[in-house]
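Observations on the three-dimensional arrangement
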Amino acid sequence: MNFSRRAFCLVAGLVMALGAAACRSGPRLVIGAKDFTEQIVLGELLANAARQRPGAPLDVVRRFDLGGTLLCHRALLAGRIDVYPEYTGTALADIFHQTPPADAKAAWRAARADYRRAGLRISRPLGFDDSFAILVRQSMAKRLHLANVSELARVAPRLRAAFGYEFFQRPDGYPGWARAYHIHFASPPRAMALALTYLALASHRVDVIAGDSTAGRIQALRLAALRDDRHFFPAYQAIYVYRPAAAPLLAPLLQRLQGRISTAAMRAMNADVDVRHQDPKAVALRFLAALKR
Amino acid sequence: MLGWLRFLLFHRRELLQLFAEHLGLVVLSTALAAAIGLPLGVWATRRRGVRRWALGAANIVQTIPSLALFGFLLPLPLIGGVGAPSAIVALVLYSLLPIMRGAYGGIVQVDAAVREAAIALGMTPRQRLLQVELPLALPAIFGGLRVAAVISVGTATIAAAIGAGGLGEFIFRGLATADNRLILAGAVPAALLALGVDGSLGALEAWLARRYKP
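Residues numbered from 1 in each chain as written. Chains lettered and ligands numbered in written order. Predicted model: local features only at pLDDT ≥ 70, side-chain atom pairs only at ≥ 80, totals over all residues. Heavy atoms only, no water.

The helix and strand inventory of chain A stands at 14 helices and ten strands. Principal axes of the C-alpha set define a box for chain A whose edges measure 80 × 45 × 30 Å. The burial tally for chain A puts 51% of its 293 residues in the buried class. Counting only contacts in chain A whose residues sit at least 6 apart along the sequence, the fraction spanning at least 24 positions is 77%. Total accessible area on chain A stands at roughly 14,000 Å², and carbon and sulfur atoms take up 56% of it. Here chain A holds 41 positive side-chain charges and 22 negative ones, and the gap between their average locations is 6 Å. (Helix = DSSP H or I, 4+ residues; strand = E, 2+ residues; numbered from the N terminus. Buried < 20%, exposed > 50% of the residue type's maximum accessible area, 1.4 Å probe, protein only. Contact = heavy atoms within 4.5 Å. Areas by Shrake-Rupley, 256 points an atom, 1.4 Å probe, with all protein chains shown as cover. Lys, Arg positive; Asp, Glu negative; His and termini not counted. Charge placed at Lys NZ, Arg CZ, Asp CG, Glu CD.)

As structure tokens, this is what we get:
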């Protein structure tokens, strides 16, 4: 009994040592991410899933904080990175210059086709949608009985709004949105830095802003997201985009993450980093531990 | 280049409005900062406590990043909130240091012999300040004012982050859409404005120097 256990330990130790030696010269995965919290958490999720891969852990190189969608896309095309997180709507609008369809499935299929033509592949949707969210204070939503955006149109003439610059400029932003919902505010909405709109809303300086639907601050600042009941905003489902050459390495990792990250889970992870100031790697590890292998 | 000029021409009305807003922010905040900073700078030459606290505070303010400063100002009543008031308060705070330093340094470096001569002539402290020290300190005072105004033109571009308008709006919009034409439509007029503001203050200094020759 004792002997067999000792032999088992010896063999296991040998296997691990061999594994470690093999991994040093083994396959390598270069993971990219854009320069905001959610992207970095998604990058860490993939990086740590790669380290935990059954069999030998993968060598991982992190190329995070890349400034913007086009930069990531070009890096991927040039083979400087193997994979990075993206959103179907963003890919269609910003990379392939198309109007993203409102239907999530159609958007994913369109993105897959466009990426295929560009020589790239995409994962199945990760499970959450990072779209624009029209945000108000929870207290105000309760007092005015607001649950969706069409109810906002009724009270908008008494409210003040502020939006980030991107929301004013995008085709799926303010002008189209105000037209679709017939919304007119008390005064023309102000343009300001996105990060400051959250503070302005929380400190009662404005009443309506447009944030990210997965922002951690929504819970922390007691804000409420109004439902986009006319489906004006296109789908922004999160996916990983990758080079076909990396597919064999990525397949088991993607298998583990696809469809498993809910909007609530992503929001909680973003809040852990942005509000509770935890390390993105620790947050990713905790999520992976909770996830069944 | 020609394409960009056509782009400017297309946006000329907006450009003019933002330019006017920008100029307004700079002029108002520099004037307010001068009204606060010049007396404080002079007072600092008379009292050590004032020198230590006023210059120390202005030094610290200078190190606060503008977005963080806006974050602090947002919830405050009257001087804070969304729009021009917050932006002007921030610009005034950033302008105080060069203006106070200019006034303080200008008066301190007045030759002791000149000051003693003024005392010997029987001038009151008030006469001494207005007729001897301030005219001699004029170049240093204007040095501070010009630095403050030029920095203000640059800093005022960040006013667009808190909804106060100005040429920063073009820059922020350009950044949001990765449109270099928009970024330049904000940055180039701001640079020209900085040159213009510096030149005008230089002209004002020359005129004052001729008028109040010590």
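A few words now on the environment of Phe167 of chain A. Following the sequence through the fold, Phe167 of chain A ends up in helix 8 (residues 165-169). In contact with Phe167 of chain A, other than residues within four places in its own chain, are Phe132, Ile134, Asp172, Gly173, Tyr174, Pro175, Trp177, Ala210 and Phe233 of chain A.

Right, let's talk about the sheet that holds strand 8 (residues 209-212) of chain A for a bit. Residue and element names in this part refer to chain A. A sheet is described by the order of its strands in space; here three strands give the open sequence 8-5-9, paired in antiparallel fashion. With partners counted over all chains shown, the strands left at the sheet margins are strand 8 and strand 9 (223-226), one partner each. On average, adjacent strands in this sheet sit at an angle of 50 degrees to one another, irrespective of strand direction. Inspection of the sheet shows strand 5 (residues 132-137) paired to strand 9 by four bridges, in the antiparallel sense. Across the sheet, Ile134 pairs through a bridge with Leu226, a residue of strand 9. Running at roughly 125 degrees to strand 8, helix 10 (residues 194-202) makes contact with strand 5, strand 8 and strand 9 of the sheet. (Pairing = 2+ DSSP bridges. Axes fitted to C-alpha atoms, helices over the stretch in contact; angles between N-to-C directions.)

The next subject is the nonpolar core. One finds Leu135, Met192, Leu196 and Val206 of chain A together with Val153 and Ile162 of chain B to be the most contacted residues of the largest nonpolar core, which totals 63 residues. Counting only elements with at least two residues in this core, the list comes to strand 5 and helix 10 of chain A together with helix 1 (2-10), helix 2 (12-46), helix 4 (66-73), helix 5 (84-108), helix 7 (125-155) and helix 9 (180-211) of chain B. Leu135 of chain A has contacts with Tyr198, Leu201, Asp207, Val208, Ile209, Gly211, Ile218, Leu223, Ala224 and Ala225 of chain A, leaving out every residue within four places of it along the chain. Formed by 38 residues, the second largest nonpolar core is a distinct cluster that contains Phe128, Tyr240, Tyr242 and Met266 of chain A. (Core = buried A, V, L, I, M, F, W, Y, C linked by side-chain atoms within 4.5 Å.)

This part takes up the pattern of salt bridges. Charged atoms that come close allow side chains of opposite charge to pair. Enumeration over the complete set of coordinates arrives at 19 salt bridges over all chains. For the salt bridge of Arg117 of chain A with Asp114 of chain A, the shortest nitrogen-to-oxygen distance reads 2.8 Å. On the criterion of helical spacing, the pair formed by Arg117 of chain A and Asp114 of chain A is a turn pair, its members being three residues apart in helix 5 (residues 104-117). A residue is classified by how much of its surface remains accessible, and Asp114 of chain A, at 6% relative accessible area, is buried. Residue Glu133 of chain B is joined to Arg115 of chain B by a salt bridge in which the shortest nitrogen-to-oxygen separation is 2.9 Å. Separated by 18 residues along the polypeptide, Glu133 of chain B in helix 7 and Arg115 of chain B in helix 6 (residues 112-120) bring together distant segments of the chain. On the basis of relative accessible area, Arg115 of chain B is assigned to the partly exposed category, the value being 25%. One continuous salt-bridge network, built from bridges that share partners, spans Asp94, Glu166, Arg170 and Asp172 of chain A. (Salt bridge = Lys/Arg side-chain N within 4 Å of Asp/Glu carboxyl O.)

A word on the packing of helix 5 of chain B against helix 7 of chain B. Residues and elements named next belong to chain B. It is at 7 Å that the axes of helix 5 and helix 7 come closest, and there the two elements cross at 155 degrees. Regarding the angle of helix 5 to helix 7, the classification is roughly antiparallel. At the point where helix 5 passes helix 7, the crossing takes the right-handed sense. From helix 5, Leu91, Tyr94, Ser95, Pro98, Ile99, Gly102, Ala103, Gly106 and Ile107 reach across to helix 7, where they touch Leu129, Glu133, Leu134, Ala137, Ala140, Ile141, Gly144, Leu145, Val147, Ala148, Ser152 and Thr155. The class makeup of the residues in the contact of helix 5 with helix 7 is 14 nonpolar, six polar and one charged. (Parallel < 35°, antiparallel > 145°, perpendicular 65-115°, else oblique. Left-handed = near helix turned anticlockwise from the far one by under 90°. Nonpolar A, V, L, I, M, F, W, Y, C, P; charged D, E, K, R; others polar.)

All names here are of chain B. With respect to the helices and strands, Thr155 occurs in helix 7. Note on Thr155: relative accessible area 17%, which makes it buried. In this structure the side chain of Thr155 is engaged in a polar contact, spanning 2.8 Å, whose partner is the backbone oxygen of Ile151. Once residues within four sequence positions are removed from consideration, Thr155 is found in contact with Leu91 and Tyr94. (Polar contact = N/O pair within 3.5 Å; in protein donor to acceptor, adjacent residues only side chain to side chain.)

Our next topic: empty space enclosed by the protein. Residues and elements named next belong to chain B. Going through the model one piece at a time under the given rule, you end up with one cavity of 30 Å³ or more. Roughly 40 Å³ of internal volume is contained in the largest cavity. Taken together, Gln62, Tyr94, Ser95, Pro98, Ala148, Ile151, Ser152 and Thr155 form the lining of the largest cavity. Listing elements by their share of the lining of the largest cavity, those giving two or more residues are helix 5 and helix 7. The element that contributes the greatest number of residues to the lining of the largest cavity is helix 7, accounting for four residues. (1 Å grid on protein atoms, 1.4 Å probe; cavity = no way out; pocket = protein on both sides within 12 Å on 5 of 7 lines; lining within 4 Å. Points joined across faces, edges and corners; volume = space filled by probe spheres on them.)

All names here are of chain A. Assigned domains of chain A: these are domain 1 (27-129 + 235-290) and domain 2 (132-226). Each of domain 1 and domain 2 has a C-alpha centre, and the two are 28 Å apart. Every contact between the two is made by twelve residues of domain 1 and, on the other side, ten residues of domain 2. For the pairing of domain 1 and domain 2, the buried interface totals around 910 Å² over both sides, and the portion due to carbon and sulfur atoms is 48%. The largest share of the area that domain 1 buries against domain 2 comes from Tyr236, Arg267 and Val275, three residues that together contribute 55% of it. Counting every contact that joins domain 1 to domain 2 gives one salt bridge. A salt bridge links Arg170 to Asp94; its shortest N-O distance comes to 3.7 Å. The interface formed by domain 1 and domain 2 holds six residue pairs in polar contact (both at pLDDT 80 or more) in total. Sort the elements by how many residues they give to the side of domain 1 that touches domain 2 and helix 13 (residues 263-274) lands first, with five residues. Tallied by class, residues from the side of domain 1 that touches domain 2 come to six nonpolar, two polar and four charged. (Domains from an automatic or database assignment. Buried area = accessible area lost by both parts, 1.4 Å probe.)

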